[in-house]
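# Working through the structure, step by step
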Amino acid sequence: MNQPLAGYAPAPVTARMENHGDHMLKVAMQTGNDLLARVGSMVAYEGFVQYEPNPPAVRQIARDWMTGEGAPLMKCSGDGLLYLADYGANVVVINLNGDGISVNATNLLAFDAHLTWGVERVKGLAKFAGQGLWNTKISGQGWVALTSRGKPIVVDCGGGEDETYVDPDALVAWSPNLKVKGKRSFKAQSLIGRGSGEAYQMAFSGQGIVVVQPSEDSTDRLRVRG
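In this text, all values refer to a predicted model and were calculated from it rather than measured experimentally. (Residues numbered from 1 in each chain as written. Predicted model: local features only at pLDDT ≥ 70, side-chain atom pairs only at ≥ 80, totals over all residues. Heavy atoms only, no water.)

Another point: the packing of aromatic side chains. According to the stated counting rule, one finds three aromatic pairs in the structure shown. When the centroid spacing of 5.8 Å and the interplanar angle of 70° are considered together, the rings of Tyr 45 and Tyr 51 count as edge-to-face. A residue is classified by how much of its surface remains accessible, and Tyr 45, at 39% relative accessible area, is partly exposed. With a relative accessible area of 29%, Tyr 51 lands in the partly exposed category. Note on Trp 174 and Phe 204: the rings are 5.6 Å apart at their centroids and 55° apart in plane angle, and the pair reads as tilted. Linking Trp 174 in strand S14 (residues 171-174) with Phe 204 in strand S16 (residues 199-205), this pair joins segments that are 30 residues apart in sequence. We classify Phe 204 as buried; its relative accessible area is 0%. (Phe/Tyr/Trp six-rings, centres within 6.5 Å; stacked < 30°, edge-to-face > 60°. Buried < 20%, exposed > 50% of the residue type's maximum accessible area, 1.4 Å probe, protein only. Helix = DSSP H or I, 4+ residues; strand = E, 2+ residues; numbered from the N terminus.)

Our focus in this paragraph is the nonpolar core. Soluble globular proteins tend to bury their nonpolar side chains together. Formed by 18 residues in total, the largest nonpolar core has its most connected members in Phe 111, Trp 117, Ile 138, Val 144 and Leu 146. Sorting the residues of this core by element identifies strand S7 (100-103), strand S8 (108-112), strand S9 (116-121), strand S10 (134-139), strand S11 (143-148) and S14 as the ones contributing at least two each. Every residue in contact with Ile 138, bar those within four places of it in the chain, is listed here: Leu 96, Asp 99, Gly 100, Ile 101, Val 103, Leu 108, Phe 111, Leu 115, Thr 116, Trp 117 and Val 144. (Core = buried A, V, L, I, M, F, W, Y, C linked by side-chain atoms within 4.5 Å. Contact = heavy atoms within 4.5 Å.)

Another aspect to go through is the pairing of S14. In terms of strand pairing, S7 meets S14 through two bridges, oriented antiparallel. Counted as the bridge partner of Ser 102 is Trp 174 from S14. Examined bridge by bridge, S14 and strand S17 (residues 209-212) share three bridges and lie antiparallel to one another. In the sheet register, Trp 174 faces S17, and the bridge partner there is Val 210. (Pairing = 2+ DSSP bridges.)

Here we come to the sheet that holds S17. Strand order in the open sheet formed by six strands is S9-S10-S7-S14-S17-S12, with antiparallel pairing between adjacent strands. Two strands close off the open sheet at either side, each with one partner strand: S9 and strand S12 (153-156). This sheet shows a mean twist of 25° between the axes of neighbouring strands, independent of strand direction. Summarising the sheet, S12 and S17 pair through four bridges and their orientation is antiparallel. (Axes fitted to C-alpha atoms, helices over the stretch in contact; angles between N-to-C directions.)

Two side chains that carry opposite charge are able to pair once their charged atoms sit near each other. Scanning the entire structure with this criterion turns up five salt bridges. For Arg 38, the salt bridge goes to Asp 86, with nearest N and O atoms at 3.7 Å. Separated by 48 residues along the polypeptide, Arg 38 in strand S3 (residues 35-38) and Asp 86 in the loop between strand S5 (73-84) and strand S6 (90-95) bring together distant segments of the chain. The residues Arg 38 and Asp 86 share a single accessibility class, namely buried. (Salt bridge = Lys/Arg side-chain N within 4 Å of Asp/Glu carboxyl O.)

On to the pairing of S10, then. Pairing geometry for S7 and S10, over four bridges, is antiparallel. Along S10, the bridge assignment pairs Ser 102 with Lys 137.

With that settled, consider unusual backbone geometry. Backbone geometry at Tyr 87 places phi at a positive 55°, although glycine is not the residue there. For Tyr 87, the position within the fold is in the loop between S5 and S6. With a phi close to 50°, Asn 97 is a non-glycine residue in the positive phi region. Here Asn 97 is to be found in the loop between S6 and S7.

This part is about the confidence of the model for the chain. Averaged over every residue, the pLDDT of the chain is 82; residues scoring 70 or more account for 77%. Scored below 50 in pLDDT, residues 219-226 shows 21 contacts in the model against residues more than four places distant or in partner chains. (pLDDT = per-residue confidence, 0-100.)

Shown next, in the form of structure tokens:
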């Protein structure tokens, strides 16, 4: 291999999912261990990997997605190495290890097909139409890959009485056991987010984490949806 390019070669496989750099996901595919991934996210693969866009099981669960909030998925199966990316977004790999996570659909890149998942309405936000009322909840023993527009920060809510406030457009994921409610702020409208008019935030409280990306521009959302 040309010496200047040698540093970009894939590293030996050490886990089911791992990063190749900050912006690409490497998945070790094995027969019988299928993957659900965002349609159009495949950038390369080695070995024998098959794809089935919008399989019946996905259509059955994802029928509740609101227009524009869904993440069209494909089933990937076979043996080899699969590389995924999403318009150069940062990739965050999580081993759930029996836990769960609630993910904004636009930030969902891939997850093990055997995990328990579904689309549900975010409680406490009924009055905030258009502010991420639906999310994807994933739980079980397995791997999940998320995307972030830039390097994200993980905020530990700490379980105290104080609430953590997040711009909805900057929200990536959160612990599903957290309490969530919407907040409307007139005083902060020029300080939070990039939209005009009154400012909306999502308030989280309880024991768990919130993943926030350093971008609250709605055009990023549109670009990621693809």
